[in-house]
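Reading the structure
Spelled out, the chains give:
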Amino acid sequence: MENQTKYFKGIIPPPIVFFAFLLIGFAAHWIMPLEFIFHEQYVRFAVGIPISIVSGFIALNAFVIMKKNKTAINFNSQTTKIITKGSFLFTRNPLYLALLLLLGSIAILANSIWFLVLVIPLFIIFNFSVVPREERYLQERFGEEYIRYKNKVRRWI
């Protein structure tokens, strides 16, 4: 746990950041609605729901595989192994990718530019703050095994 603490000290758990952005999006949309060009509800549903389903599938797959492999899902537990199956075959960060896709789908379903705009800072936080720390931790913990995985699978997609 000591090793982990030096990497993750000061990081707000990503799901909390996601929900904070979600609340900011709802508040901004309530105060000053800025809509997309998708005025037709069926168009928003035809685009937004499939993205939500993909997001849910990616996240559920990652959770199940992580649980099955008895490895950490959050910062409070140590990662016990590098997972290379399921969602982890095409992205090293399936849970963060799922949150970004979910926020994007909410933007479409709510017909709100605010949520779409918030995808950008959420991505920046994940990509430049959270993920690099995780990568340094995993590289220190697993060494060459993680480097091989990192060279084989992209950070996002």
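What to know about the environment of Ser-55
With respect to the helices and strands, Ser-55 occurs in helix H3 (residues 41-68). Ser-55 sits in the buried class, given a relative accessible area of 4%. On a C-alpha basis, the gap between Ser-55 and Ile-106 in space is 11 Å, while along the polypeptide they are 51 residues apart. If sequence neighbours within four positions are ignored, Ser-55 has contacts with Ala-98, Leu-101 and Leu-102. Within polar-contact distance, the side chain of Ser-55 engages the backbone oxygen of Ala-98 at 2.6 Å.

Regarding the pattern of salt bridges
Across all of its chains, the model carries 2 salt bridges by this definition. In this structure, the salt-bridge partner of Glu-135 is Arg-92, at a minimum N-O distance of 2.5 Å. Note that Glu-135 is positioned in helix H5 (residues 113-142) and Arg-92 in the loop between H3 and helix H4 (94-110), a separation of 43 residues in sequence. Grouping residues by exposure puts Glu-135 and Arg-92 together as buried.

Comments concerning a nonpolar patch on the surface
Residues Trp-30, Ile-31, Met-32, Leu-34, Ile-113 and Val-117 make up a contiguous nonpolar surface patch of roughly 640 Å² in combined accessible area. Elements with a minimum of two residues in the nonpolar patch: helix H2 (14-31) and H5. Here Leu-34 shows up in the loop between H2 and H3.

Side note on the packing of aromatic side chains
As enumerated under the stated definition, the model contains 5 aromatic pairs in all. Their ring planes at 80 degrees and their centres at 5.0 Å tell us that Phe-26 and Phe-115 sit as a pair that is edge-to-face. Here Phe-26 is found in helix H2, whereas its partner Phe-115 is found in helix H5, with 89 residues between them in sequence. What makes Phe-26 partly exposed here is its relative accessible area of 46%.

Regarding H5
For H5, with 30 residues, the first-to-last C-alpha span of 41 Å sits near the 44 Å given by 1.5 Å per residue. The largest bend along H5 reaches roughly 35 degrees and is located at Val-131, with the proline Pro-132 sitting one to four residues downstream. You can read the cap of H5 off the contacts: a side-chain oxygen lies 3.2 Å from the backbone nitrogen of Trp-114, and it is on Ser-112.

What about the confidence of the model for the protein?
When pLDDT is averaged along the protein, the result is 91; 92% of the residues meet or exceed 70. Across the protein, H4 holds the top mean pLDDT of 97, while helix H1 (residues 2-8) sits lowest at 62.

Description of the nonpolar core
Judged by nonpolar contacts, the single largest core of 37 residues is most densely connected at Leu-103, Leu-122, Phe-126 and Trp-156. For this core, the secondary structure elements donating two or more residues are H2, H3, H4, H5 and helix H6 (144-152). Among the elements that line this core, the one with the most residues is H5, at 10 residues. Residues within four places of Trp-156 in sequence aside, it is in contact with Phe-90, Thr-91, Asn-93, Tyr-96, Leu-97, Leu-100, Phe-123, Phe-126, Asn-127 and Val-131.

Focus on unusual backbone geometry
Peptide bonds are trans in most cases, and residues, glycine excluded, mostly fall at negative phi. The phi torsion at Lys-70 lies on the positive side, around 50 degrees, for a residue other than glycine. Assignment of secondary structure puts Lys-70 in the loop between H3 and H4. In the Ramachandran plot, Asn-111 falls in the positive-phi region, its phi being about 55 degrees despite a non-glycine side chain.

What counts and how
- Residues numbered from 1 in each chain as written.
- Predicted model: local features only at pLDDT ≥ 70, side-chain atom pairs only at ≥ 80, totals over all residues.
- Heavy atoms only, no water.
- Helix = DSSP H or I, 4+ residues; strand = E, 2+ residues; numbered from the N terminus.
- Buried < 20%, exposed > 50% of the residue type's maximum accessible area, 1.4 Å probe, protein only.
- Contact = heavy atoms within 4.5 Å.
- Polar contact = N/O pair within 3.5 Å; in protein donor to acceptor, adjacent residues only side chain to side chain.
- Salt bridge = Lys/Arg side-chain N within 4 Å of Asp/Glu carboxyl O.
- Patch = residues over 30% accessible without salt bridge, like charges linked within 9 Å, V, L, I, M, F, W, Y side chains within 5 Å.
- Areas by Shrake-Rupley, 256 points an atom, 1.4 Å probe, with all protein chains shown as cover.
- Phe/Tyr/Trp six-rings, centres within 6.5 Å; stacked < 30°, edge-to-face > 60°.
- Expected span 1.5 Å × (residues − 1).
- Bend = angle between axes of the 7 residues up to and from the residue.
- pLDDT = per-residue confidence, 0-100.
- Core = buried A, V, L, I, M, F, W, Y, C linked by side-chain atoms within 4.5 Å.

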